[in-house]
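Structural features, examined
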Amino acid sequence: MADAGTQNQKEGDESRLSEAEIAVHWKEEEVYYPNPRFVGQANLTDPNVSDRFSEKNFPECFREYADLLSWDKYWTTTLDTSKAPFWKWFVGGKLNASFNCVDRHLEKYRNKAALIFVSENEEDPPEAVTYQELYIRVNEMAALLRDFCGLKTGDRVTIHMPMVTELPVTMLACARLGVIHSVVFGGFSGEACGARIVDSGSRVLITMDGYYRSGKLLDHKVNADIACRKASEEGTKIEKVLIWKRFRDKSASPTPMVEGRDFIVNDLLKKFRGHLVPPVSMAAEAPLFLMYTSGSTGKPKGCQHSTGGYLAYVTGTSKYIQDIHPTDVYWCMADIGWITGHSYIVYGPLALAATSVIYEGVPTFPDPGRPWRIAEQLGVNIFHTSPTAIRSLRKVGPEEPKKYHYRFKCMTTVGEPIEPEAWRWYYEVVGRGETVVTDTWWQTETGGFLCSTKPALDPMKPGSTGPPMPGIYPVVYDETGKELPPGAGRAGNVCIRNPWPGIFQTIWGDPDRFVRTYYAKYNKDKTSTDWHDWPYFAGDGALWAKDRYMRILGRVDDVINVAGHRLGTKEIESACLTVPEVAEAAVVPIVDAERGRVPEVYIALKPGVKPEGIPEKVTLAVETVIGKIARPRAVRIVPDMPKTRSGKIMRRVLASISNRMDYGDITTLANPEVVEQIRVQVQGAGPVEKKAAPEDIKRFGQDSG
Ligand code: WTA
């Protein structure tokens, strides 16, 4: 961790604070060691793994991951860099992702659950789908896509579905044909789905009529109509909308069918009963799917992932970091509509013949004991979730895990930096002080984990993601491209120096933006075909400690620049959470004529806590943990944070309210009603004020969705 040696210099002269001195505010955390029972059964216990994957063995070291797959044809070149930075992995190799996730397990695991669907409605029993059943369902769906829709290898299909078994069935059916799926998170609006249809050039949209969310049955079919309208306005015609039924015996949507365009999948499938479709043997570098993610401009980027490299990487990391064995019951609470769900609900776990749980609804429905009841009922022994979910479960049900008899051997967090306070609750209460926790840092673009502790080998350090994964060689650069080595004590931009098999191949339809966004910043020779010249720019601020544990400070666009100094929003939020009454904290920048930007803090309190005196306590905590430079302009206690339906706090909305600017479209939030409440609280009951805001405020937090 950073040296504290420079700490004293800053007293009395804030304006001369360097980034180094900001960074030293992190305090070194106590480490925790994996328990011997876990180590005894772990997949990765060889301490020489880092050597096996060291630079001298690169890129051949990644054969180890690729060898976990079944190839139709072995590759000839492990890494081709001739079109840098458009890397090609396992060139010459051929395989099929659906075969690897389904067919190859039949001999040994035919009758074992591949997926277990848990309805949000607790009255409904869980529904297990064996590998044999999955095989049949994927084949029938593939036959339908090929013979009824006329889809073929290389076509794109947009899938806008909730968390149901039919979603992985549809994805794997596409993969079987070499059709490129583009899954849009079910909680996105019809318009957002339409924009992604246009960008990907899909002719077919696959959806579901409805689903449960927080106890309500939502009409989802209506979004398909909006998506088709939006797409056609922009010149893309959806020829067929395929609609899965949420219930066998009734419709979940009152929205009428459009004659000639809309078809019920469950009816169509009757014609394809028992049909088998041979898996199409795909080139390793053929695209498997697109996953849209937001960038620094308004237009989402379609991240294109490969078949061989991607599947090898998620399989390897699922095996070694999540420690998945075929005997495990694995539950990742993310949504399949995000990259986490693609890599670590569907492709990684199924390639390893695990049992993967799919939960339809909200973790706290009908009460915060729900996740622990599901874990108990299904015998879940590997649990994967996000810091936001952890904070929210801790907020509403801090004692709930104690009531249920589940036992996790390992747990993962992903998606945001986790505050040590929240980490400790996860470890002590959810994990009963014995479960190994990995904090996995990665991105939509990277396919799989970049940094994490190796669960049986590395001690855990709350608030730090961990050392680089085997075969990943990070570097932290300052703005000028100067390297900040581990232990430098200064935060900078984290980059990955080398290609790895899970890295995305390009932005669909926009290769220039791909190079510009991810490689241009630190590349000095555009013509080079040597990978050493192309560090991947991750867009995250990070501090690399002497022990090579990475501390991710958040998106570089989430950084608040106070009087010329960079303060990680997460750093301030973590300070707020040291106040025991605080359940959740969100920090946003507000424009200040003098100091550029200053932070403002929003907090939600634990149940039953009185607000008196809390703002003062929070301010004091921030000053004590970080320093006066981070003192919030205001601390606002709110009833709840505005959140996306995947549970992320919408800091952009809070920043807009604080800065008296238009907060834009909030219809896709989980709780849009809270926004107006907060606005009135901050701005008073008068009309909505609208001020022109600078770009960084408008974009604030946008990338973290
Ligand atoms: C953030 C999600 C800290 C980071 C897999 C990254 C994290 C962005 C962590 C990518 C972590 C993800 N610790 N920050 N363990 N994991 N992030 O594309 O800012 O939805 O750039 O992928 O989430 O989010 P994305």
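Our subject is the structure listed above.
A few points on the structure. Computed from a prediction, not measured in an experiment: that's the story for all the values here. (Residues numbered from 1 in each chain as written. Predicted model: local features only at pLDDT ≥ 70, side-chain atom pairs only at ≥ 80, totals over all residues. Heavy atoms only, no water.)

With respect to the pattern of salt bridges
Per the stated rule, a full pass over the model turns up 44 salt bridges. When the shortest N-O distance is used, the salt bridge between Glu29 and Arg424 registers 2.9 Å. Separated by 395 residues along the polypeptide, Glu29 in the loop between helix 1 (19-23) and helix 2 (36-41) and Arg424 in helix 16 (residues 420-430) bring together distant segments of the chain. Owing to a relative accessible area of 10%, Glu29 belongs among the buried residues under this scheme. Residue class for Arg424 comes out partly exposed when judged on its relative accessible area of 24%. The network of salt bridges with common partners includes Glu122, Asp367, Arg370 and Arg373. (Salt bridge = Lys/Arg side-chain N within 4 Å of Asp/Glu carboxyl O. Helix = DSSP H or I, 4+ residues; strand = E, 2+ residues; numbered from the N terminus. Buried < 20%, exposed > 50% of the residue type's maximum accessible area, 1.4 Å probe, protein only.)

Considerations on the packing of helix 7 (residues 131-147) against helix 8 (residues 166-177)
Running from amino to carboxyl end, helix 7 crosses helix 8 at an angle of 60 degrees, the nearest separation of the two axes being 8 Å. One element, helix 7, and the other, helix 8, form an angle in the oblique class. Taken as a pair, helix 7 and helix 8 cross one another with a handedness that is right-handed. Within the contact between the two elements, helix 7 uses Leu134, Tyr135, Arg137, Val138, Asn139, Met141, Ala142, Leu145 and Arg146 and helix 8 uses Glu166, Val169, Thr170, Leu172, Ala173, Cys174, Arg176 and Leu177. Across the contact of helix 7 with helix 8, the residue classes tally to eleven nonpolar, two polar and four charged. (Axes fitted to C-alpha atoms, helices over the stretch in contact; angles between N-to-C directions. Parallel < 35°, antiparallel > 145°, perpendicular 65-115°, else oblique. Left-handed = near helix turned anticlockwise from the far one by under 90°. Contact = heavy atoms within 4.5 Å. Nonpolar A, V, L, I, M, F, W, Y, C, P; charged D, E, K, R; others polar.)

Re the pairing of strand 6 (residues 156-161)
Within strand 6, five of the six residues are buried, which leaves it mostly tucked inside the rest of the structure. Sheet topology note: the strand 6/strand 7 (residues 180-185) ladder contains six bridges and is parallel. For His160, the partnering residue across the bridge sits in strand 7 and is Val184. The handedness of the strand 6 to strand 7 crossover, carried by helix 8, is right-handed. The pairing of strand 6 with strand 8 (residues 204-208) spans four bridges and is classified as parallel. (Pairing = 2+ DSSP bridges. Right-handed = clockwise from strand over helix to strand, strands pointing away.)

A short note on the site of the ligand
Inspection of the region around the ligand gives 16 residues, with Asp439, Thr440, Gln443, Thr444 and Asp540 positioned closest. Here a nitrogen atom of the ligand sits 3.3 Å away from a polar atom, N or O, in the main chain of Pro417. At a separation of 2.9 Å, an oxygen atom of the ligand approaches a polar side-chain atom of Gln443. Out of a free accessible area of 520 Å², the ligand has 94% covered by protein chains. Taken together, the elements giving at least two residues each to the shell around the ligand come down to helix 13 (339-351), strand 20 (436-440) and strand 25 (550-555). The residue makeup of the shell around the ligand, split by class, is six nonpolar, six polar and four charged. (Near = heavy atom within 4 Å. Polar contact = N/O pair within 3.5 Å; in protein donor to acceptor, adjacent residues only side chain to side chain. Areas by Shrake-Rupley, 256 points an atom, 1.4 Å probe, with all protein chains shown as cover.)

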